[in-house]
Amino acid sequence: MLLTFLIGILALLLASSVARNSDLWMHLAKGRRLVQSAHPFGTDSPLASGITGSQSWLYDLVCYGLYSKFGGAGLVLGKALVVVALAVLLLRLSRSGLGEWVPVFCTALALLAMSVRLLLQPATLSYFFLALVLWFVWKRGAANRSSALFPPWPLLVLFVVWVNVDGWFLLGLGVAALVWLGQVLDEVGAGEPRGAWRVSLLRRGFWFALLTGVCLFNPAHVFAFVPSPELGFFGDAGASTSPFQRTYYANVGLNPASLAYFPLLGLSLFSFLLWSFGGSFRWSWQRFLPWLGLALLSAFQGRAIPFFAVVAGPVLAWNVQDFLDRGFDAGRWQTPAWRRGIVFGQGLTLMFLLVCLVCAWPGWLQSPPFEPRRWTVEIPPSLERGAAAVRDLLRESKLGSEARGLYLSRETAYPFAWFCPEEKGVQDPKLASVIRGDSEATAAWGKRMRAANINHVIVFDRDRSRFFGTVGKLLDDPRQWPLLHVEGDLVVFGWRDPSAGGVDPFRGVELDLNHLAYHPAEDKKAPDRPSANEPEARQWWEAFWKPVPPRPVDQGEATLHATHAEVVRRSAPWRHAVAWESCQFTACVGAAGGWSGPVSLLDAHLRLTLLRPPTAEQGRRFQTLPVFDQMAYGWWMRFARARDDTSPALLYLAVRAARRALAVNPNDAQIHLVLGESYLGLLHDTRERVWGERMPELVQLRRSQASAALNQAVALKPDFAQAHLSLSNLYAEMNCLDLMLHHLRTYVKLLHESGPMPGVSGEQFRAQEAAYQEKVNQLAKEVAKREDQFTVASGGWKVGDRALKASQEGLGGKARDLLLESDVAAFGPKGMALEVELLLKTGRAKDVRDWLGSDQKTVLGPSYHWLRAQALAALGNYASAREECDELSALMAQADSIREPAQFRELMALLIGQKKLYDQSGATCLPDLLVRTGYHFVFHKRIADFAQALRKEADLSVLRGLLALEEGDADEAEIAFRTALSVWKNAEAANAGGGLDFSGRVIAQDCLKWLE
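The residue numbering used here restarts from 1 in each chain and proceeds along that chain's sequence as written. Given that this is a predicted model, residues contribute local features only at a pLDDT of at least 70 and side-chain atom pairs are listed and counted only at 80 or more, while totals for whole chains, interfaces and linings are drawn from all residues. Derived side-chain values reflect all non-hydrogen atoms in the structure, with water molecules and hydrogen atoms excluded from consideration.

What should I look at first to understand the packing of helix H28 (residues 669-685) against helix H30 (residues 696-716) in this one?
Helix-helix packing is described using two parameters, namely the angle between the two axes and the distance between the axes. Running from N to C, H28 and H30 cross one another at 160 degrees; their axes reach a closest spacing of 8 Å. With respect to H30, the axis of H28 lies roughly antiparallel. As for how H28 packs across H30, the hand of that crossing is left-handed. Between H28 and H30, the residues in contact are Ala-669, His-672, Leu-673, Leu-675, Gly-676, Glu-677, Tyr-679, Leu-680, Leu-682 and Leu-683 and Val-699, Arg-702, Arg-703, Gln-705, Ala-706, Ala-709, Leu-710, Gln-712, Ala-713 and Leu-716, respectively. Looking at the contact of H28 with H30, its residues break down into 13 nonpolar, 4 polar and 3 charged. Orientation is described by axes fitted as lines to C-alpha atoms, over the contacting stretch for helices, and by angles from 0 to 180 degrees between their N-to-C directions. Numbering goes from the N terminus for both helices and strands, where a helix is a DSSP run of H or I of at least four residues and a strand is a run of E of at least two. When describing relative orientation, an angle under 35 degrees is termed roughly parallel and one over 145 degrees roughly antiparallel, while 65 to 115 degrees is termed roughly perpendicular and anything else oblique. Left-handed is the label given to a crossing in which the near helix is rotated counterclockwise from the far helix by less than a right angle, and right-handed is the label when the rotation is clockwise. In this analysis, two residues are considered to be in contact whenever any of their non-hydrogen atoms come within 4.5 Å of each other. All amino acids are sorted into three groups, where Ala, Val, Leu, Ile, Met, Phe, Trp, Tyr, Cys and Pro are nonpolar, Asp, Glu, Lys and Arg are charged, and the leftover types, Gly among them, are polar.

Structure follows, in structure tokens:
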């Protein structure tokens, strides 16, 4: 009883995983339609025109009833109880000799092998039904096979139920036929008279015909015997593959459950040899034939592995027990060697069972996520929310009254059938293949789309590479595929039929990304303060009590917007060239009217050269170009640099979505990577690269933010190759060559271990790896050279001077470590400021935030607030970062004895008025002239100081506006930018001396245009 209880607990734990299979929603939708249908078995019923057919109608009805009554927990618990019953049945079926240890071991191994597919699907019930079939044809059938005219009546009832639950009943018929054929062959081998075994053959043939006949009691009638493609009988490579292929483990993972198939297969095969060893025996065909049939099927189709385990577990137990029974009968068990072997086997079985129980609780025996067992149903939030959004569009008739959507994957169609029944979507693998780019588009695919009334496409795929590949392809053609909705990992594209004219069907429906970026809704803003939970890598022992946090819906949205930005960036050279040529062609036409004389030839040559500037390849040998070509190339480069390679709106959307995702799950390394690369995209691929030339503080801010995010990604996932590569590129920009070398070397190592990516040939991969290795070797030589120079030059220097020298030599990591290993008193305020700057560069914003207290405020002066503002902004604490900017502004005003920044203008007006009055009185003597000269000097200095203070105040206001814009607070950003521009007023006022230009003026003007 104890061993049976432990087997039941093991089965319960293995089956108590969270239900995430999308086809569950299809079965629930079918069950709901059956309940709501007035004539469930009529021609218009779900059984006749259902979502995927009618063979599982009984399962659908029961699932819907349980879900309506008990929710998702009731469904998963019901599935777990079925598996427990299956385990107990297999254990009883495996008993044939003395003791319980062999049946327990074989049953546990069979449960482990089948646990790779213990999903909330009809197939799980089929496993139990197959075990019942074996019970009736092996246990019950063996007792009355010589006299009974009919098979056991429960077997007939079982198949009537099975055929209305799942299409795998065909396999049950096949197994029953093989067992009965084996029993006839066993009778022949036992020397039964020819007439007796012929009668037995006819009787079992009649049984099989009767079982086949009762299977006609189903809505599909004879069509139930046509195997469904979902069963994978015909090698559906997209669903499952052979366990002897590498791609199989890409789907199910490499874990004890997926590998248990091989010891079960090997041991059961060896057991036939063991069973026949050591004396006379009689071969059992009724064991071997079903075992062989399912072994061959499972070798080609991974979905058949659980069915093989149902047969192989009892067969293995019977063969081993028969071998042991012969040993007991011969008295060999009394020898010390046999007794020690039996005790050792019992101990090994108990240890195996206990280890399986311990590892089954956190899910270590199966695929991740590893967490305590739970009875619940989960669906990606983007699917549920996306279905609700499409339902609203359909109800408002924004997609057309007869519009239909195309699902690119079944895992999209199934949840939509439950959450959005209004969407009469289409599943067409050929159309999906064309849209994904897997097959070449032809004229026929457009006709097929029009014939099905398809005008929008719903994209969702758990395969991340395939999903982003498809989305990138559609985003690259926005004219034909307008973006209608984005919800995490789900994207809805419209389809503009190229052959249709007239009004744009998606006018007013197409997504306005600029409006979303610069006027976001409240739920689309970034949190003004980060999550209270500090990011930390998940420890292995936490899987025993802490569930894995769900993947935030905003993670997929952040990655999607970043991917969209990259798609737009790829077309930047073409867009810049078109804009340049349009401007130059217009200028050339306008100038042609005034050409006259020989000088016009020079002007025409220059303008024609400007029309088609040199290419990038020519730019590499810039010095060899003619003078006009050099001028044209320089102007072209400045023109292109001042334009956005990609949309800043997309990158702001990516940053905000990443910040929202981190507020839910700060331990996701992928989100930190997207966040860091989005900051780098803002700095490198938008006009911020030109803004940074005017305002270096912006470059410092973006680099601090990017470094903090990327270093956090590496800390959470040390083998994150892409994060190491991005960090190496960032450190190259900041001239931290030693840190660049460390991360580049790590990337090359991880690249070598991972092997080539899909779609990359081995030769291409080796060439790429060799190029990176050569770069590492050259960089290592350069770093070693600089370290030697630093060691020679800085001998005997103070710590602060050595750290400064190391930083100047490109050894930022060494400089940081030198300062961290020393006390602050050893290097003073300058060294402290350098230390904090290096910490920000190397992604340690949290240390800067915690370390900079009130004691350092007096030492660092005004830079204290700016350093804290960078650290807080890098951590996503926008509110506190803006407060630090306000504190810095107040500190600047306090230095000039001004209570409010607005008093700068009043004091400047007062000084000018005093000077005007003082100038009206003439100089009467030499001392008075000297005093007047000194007064003029002081006046100009004070005016210059006030003007500089006004410029700094305006720049700080711009930085506050950028932080508010990044957070999504458009009103606060607009106020900050307009406040900054009040210093400049306008071009006329600035030229007349009534306004002051400042570094961030262009930034404020451009951002206000975005916010309009």
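Text resumes after the structure shown.
Just checking my understanding: could you explain the sheet that holds strand E3 (residues 454-459) for this structure?
The strands making up a sheet are joined through hydrogen bonds of the backbone, oriented either antiparallel or parallel. The mixed open sheet is built from 5 strands, whose spatial order is E2-E1-E3-E5-E4. Strands with a single pairing partner mark the edges of an open sheet, and in this sheet they are strand E2 (426-427) and strand E4 (483-487). Here 4 bridges tie E3 to strand E5 (residues 490-494), and the two strands are oriented antiparallel to one another. The residue bridging Val-457 from the neighbouring strand is Phe-493, located in E5. Contacts between helix H22 (residues 553-570) and the sheet are confined to E4 and E5, with E4 contributing the most and set at about 140 degrees to the helix. Note: two strands are recorded as paired if DSSP finds a minimum of 2 bridges between them.

Looking at this structure, I do not really get a nonpolar patch on the surface. What am I missing?
Grouping into patches uses exposed residues only, defined as over 30% relative accessible area, and leaves out salt-bridged ones; the cut-off is 9 Å for like charges and 5 Å for nonpolar side chains (Val, Leu, Ile, Met, Phe, Trp, Tyr). The protein chains shown are the only cover counted for residues, whose accessible areas, like all others here, come from Shrake-Rupley with a 1.4 Å probe. The salt bridge criterion pairs a side-chain nitrogen of Lys or Arg with a carboxyl oxygen of Asp or Glu, the two atoms within 4 Å. Among the surface-exposed residues, Leu-181, Leu-185, Leu-201 and Trp-285 lie close enough to one another that they form a single nonpolar patch of about 320 Å² accessible area. Examined against the element boundaries, Leu-185 turns out to sit in helix H8 (residues 169-189). Only protein chains enter the accessibility calculation, which uses a 1.4 Å probe; a residue is then buried when its area is under 20% of its type maximum, exposed when over 50%, and partly exposed in between. Classification of Leu-185 as partly exposed rests on a relative accessible area of 33%.

Is there a simple way to explain the pairing of E5 in this structure?
A regular strand carries its side chains on alternate faces of the sheet. Summarising burial for E5: 5 of the 5 residues are buried, a large majority. Because side chains alternate across E5, one face comprises the buried residues Leu-490, Val-492 and Gly-494, and the other comprises Val-491 and Phe-493, equally buried. Counting the residues between successive antiparallel strands, the hairpin from E4 to E5 contains 2 residues, one of them, Gly-488, with a positive phi of roughly 65 degrees.

Which parts of the structure should I look at to understand the environment of Ala-732?
Residue placement: Ala-732 occurs in helix H31 (residues 721-733). When its relative accessible area of 35% is taken as the criterion, Ala-732 is described as partly exposed.

Would you mind showing me how to read the packing of helix H23 (residues 572-592) against helix H26 (residues 627-641) here?
Two elements in contact, H23 and H26, have axes whose closest approach is 10 Å; the angle formed by their N-to-C orientations is 120 degrees. Relative to H26, the element H23 is oriented oblique. By crossing handedness, the relation of H23 to H26 is classed as right-handed. Facing His-576, Ala-577, Ala-579 and Trp-580 of H23, the residues of H26 in contact are Trp-635, Trp-636, Phe-639 and Ala-640. Along the lines of polarity and charge, the residues of the contact of H23 with H26 split into 7 nonpolar, 1 polar and no charged.

Please explain the state of the cysteines as it appears in this structure.
Note on terminology: a disulfide is the covalent bond linking the sulfur atoms of two cysteines. The disulfide criterion used throughout: a pair of cysteine sulfur atoms within 2.5 Å. Scanning the entire structure with this criterion turns up 0 disulfides. We note that Cys-356 lacks a disulfide partner, and the nearest cysteine sulfur, in Cys-359, lies 7.1 Å from it. Residue Cys-356 is classed as buried on the basis of its relative accessible area, which comes to 5%.

What is the right way to look at the packing of aromatic side chains in this model?
Both the distance between ring centres and the angle between the ring planes are used here to describe each pair of aromatic rings. Pairing of aromatic side chains here covers Phe, Tyr and the six-membered ring of Trp, requires ring centres within 6.5 Å, and sorts the geometry by plane angle: under 30 degrees stacked, over 60 edge-to-face, intermediate tilted. One pass over the structure, following the stated rule, counts 36 aromatic pairs. Taking 5.7 Å as the distance between ring centres and 70 degrees as the angle between the ring planes, the aromatic pair formed by Tyr-261 and Phe-308 counts as edge-to-face. Of the two residues, Tyr-261 is situated in helix H12 (residues 261-275) and Phe-308 in helix H14 (residues 305-329); the sequence distance between them amounts to 47 residues. We note that Tyr-261, like Phe-308, is buried. Here Trp-364 and Phe-544 contribute two aromatic rings whose centre-to-centre distance is 4.9 Å and whose plane-to-plane angle is 80 degrees, an arrangement assigned as edge-to-face.

Is there a simple way to think about the confidence of the model for the chain in this case?
Reading fine detail from the predicted coordinates is not recommended where pLDDT is low. The predictor attaches a confidence to each residue, and that confidence, scored 0 to 100, is pLDDT. Residues of the chain with pLDDT of at least 70 account for 86%, and the chain-wide mean is 83. Under a pLDDT of 50 for its full length, residues 234-239 has, in the predicted model, 7 contacts with residues more than four places off or in other chains. Counting contacts from residues 897-902, a segment whose pLDDT is below 50, to residues more than four positions away or on other chains yields 9 contacts.

Hey, could you run me through unusual backbone geometry in this one?
Excluding glycine, a negative phi dihedral is what most residues carry, and trans is how most peptide bonds are arranged. With an omega of 10 degrees, the peptide bond between Pro-368 and Pro-369 qualifies as cis. Assignment of secondary structure puts Pro-369 in the loop between helix H15 (336-360) and helix H16 (381-395). We note that Ser-397 has phi near 60 degrees; this positive angle belongs to a residue other than glycine. Its place among the elements puts Ser-397 in the loop between H16 and strand E1 (404-407). Judged by its relative accessible area of 49%, Ser-397 falls in the partly exposed class. Positive phi outside glycine occurs at Asn-735, with the angle close to 60 degrees. Considering the arrangement of structural elements, one finds Asn-735 in the loop between H31 and helix H32 (737-754). With relative accessibility at 31%, the residue Asn-735 sits in the partly exposed group.

Just to check I follow, could you spell out helix H20 (residues 464-475) for this structure?
Structurally, the α-helix is built with 3.6 residues per turn, so residues lying three or four positions apart point the same way. Expected span, for any helix, means 1.5 Å times one less than how many residues it has. Here H20 spans 16 Å end to end across 12 residues, near enough to the 16 Å set by a 1.5 Å rise per residue. Turning to H20, the residues buried within the fold contact helix H18 (429-436), E3, E4, E5 and H22.

For this particular structure, what's the right way to read the pattern of salt bridges?
Opposite charge on two side chains allows them to pair when their charged atoms are near. The full count for this structure, using the stated rule, is 41 salt bridges. Among the ionic pairs, Arg-702 bridges to Glu-966, the shortest N-O distance being 2.9 Å. Of the two residues, Arg-702 sits in helix H30 while Glu-966 sits in helix H42 (residues 926-967), which places them 264 residues apart along the sequence. A salt bridge links Lys-846 to Asp-850; its shortest N-O distance comes to 3.2 Å.

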